[in-house]
Amino acid sequence: QVQLVESGGGLVQAGGSLRLSCAASGRTLSYFVMGWFRQAPGKEREFVAAVSRNGQNTNYANSVKGRFTISRDNAKNTVFLQMNSLKPEDTAVYYCATSLQFTPVITMSAYDYWGQGTQVTVSS
């Protein structure tokens, strides 16, 4: 099975930026649609962004459209989430995940393997 390790989280002021990375091993990432999800304390895990296998097609949650960008570098077996104009409500643990679906789906149940998560905290 694929192993996913997220990195790049940390503390940032509102309006700042962070770039999250998701490095994979055990499989070639090009085999999967990739997604980012997040979970804040006391809340359900929610969809953030997803990208197709070739990196050309993306989907975003309405709450992050225009601020976040998902991308992938299949040669490096890595997926990224560039987060700009961060808001306190973006504070959460961010997870990357793989899907065997054919399009960048937004439903959590479509994703099979999950990373351990990386904490993002945005201060006001």
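Everything below is about the structure shown above.
A quick note: this is a predicted structure, and the numbers were derived from the prediction, not measured.

Asks: Help me understand the environment of Ala40, please; the structure alone is not making it clear to me.
Replies: Tracing the chain through its elements places Ala40 in the loop between β4 (33–39) and β5 (46–51). Relative accessible area serves as the criterion here: at 17%, Ala40 is assigned to the buried category. Sequence separation of Ala40 and Asp90 is 50 residues, and the distance between their C-alpha atoms is 8.3 Å. What Ala40 contacts, discounting residues up to four positions off in sequence, is Thr91 and Ala92.

Asks: How should I be thinking about the nonpolar core in this particular structure?
Replies: Within soluble globular proteins, side chains that are nonpolar tend to cluster in buried spots. Membership of the largest hydrophobic core comes to 37 residues, with the highest contact counts inside it found for Trp36, Leu81, Met83 and Tyr94. At the level of secondary structure, the elements contributing two or more residues to this core comprise β3 (18–25), β4, β5, β7 (68–73), β8 (78–83), β9 (92–99) and β11 (118–123). The element that contributes the greatest number of residues to this core is β5, accounting for 5 residues.

Asks: Honestly, the sheet that holds β7 in this entry has me stumped. Any pointers?
Replies: Remark on secondary structure: sheet strands pair via backbone hydrogen bonds, oriented parallel or antiparallel. Taking strand neighbours across the sheet as the criterion, the 4 strands line up as β1-β3-β8-β7 in an open arrangement whose pairing is antiparallel. If you trace the sheet from one side to the other, it starts and ends with β1 (3–7) and β7, each paired once. Mean inter-strand twist for the sheet, computed between neighbouring axes without regard to direction, equals 15°. Across 6 bridges, β3 lies against β8 in antiparallel orientation. Each residue of the ladder has a partner; that of Arg19, found in β8, is Gln82.

Asks: In this structure, what is going on with the environment of Ser71? I would like to understand it.
Replies: Mapped onto the elements, Ser71 comes out in strand β7. Residue classification places Ser71 among the partly exposed residues on the basis of a relative accessible area of 27%. Once the C-alpha coordinates of Ser71 and Ala50 are considered, the two residues, 21 residues apart in sequence, prove to be 8.7 Å apart. Setting aside its immediate chain neighbours within four residues, Ser71 contacts Val79 and Phe80.

Asks: Help me out: how do you make sense of the pattern of salt bridges in this one?
Replies: Think of it this way: side chains of opposite charge can pair up when their charged atoms draw near. Counted under the stated rule, the structure contains 3 salt bridges. Two residues, Arg38 and Glu46, come together in a salt bridge whose shortest N-O distance is 2.7 Å. Classification of Arg38 by relative accessible area gives buried; the value is 5%. Given the relative accessible area of 36%, Glu46 is considered partly exposed. Note that Asp90 and Arg67 form a salt bridge whose closest N and O atoms lie 2.7 Å from each other. Of this pair, Asp90 sits in the loop between β8 and β9 while Arg67 sits in the loop between β6 (58–60) and β7, and the two are 23 residues apart along the sequence. For Asp90, a relative accessible area of 0% puts it in the buried group. Here the salt bridges share partners, and the residues they tie into one network are Arg38, Glu46, Arg67 and Asp90.

Criteria and cut-off values
Every chain is numbered on its own, with residues counted from 1 as its sequence reads. With the structure being a predicted model, the display of local features is reserved for residues of pLDDT at least 70 and the display and counting of side-chain atom pairs for 80 or more, all residues being used for whole-chain, interface and lining totals. As a rule here, side-chain values cover all heavy atoms of the structure and leave hydrogens and water aside. Here a helix means four or more residues in a row that DSSP labels H or I, a strand means two or more in a row labelled E, and each is numbered from the N terminus. Relative accessibility under 20% of the residue-type maximum defines a buried residue, over 50% an exposed one, and the middle range a partly exposed one, all with a 1.4 Å probe and only protein chains included. Whether two residues touch is decided by their heavy atoms; if any such pair falls within 4.5 Å, the residues are in contact. As used here, the term nonpolar core means buried Ala, Val, Leu, Ile, Met, Phe, Trp, Tyr and Cys residues forming a set that is joined through side-chain atoms within 4.5 Å. A strand pair is defined by DSSP finding two or more bridges across the two strands. To get an axis, fit a line to the C-alpha atoms, keeping to the stretch in contact for a helix; angles then go from 0 to 180 degrees between the N-to-C directions. Salt bridge criterion: a side-chain nitrogen from Lys or Arg within 4 Å of a carboxyl oxygen from Asp or Glu.

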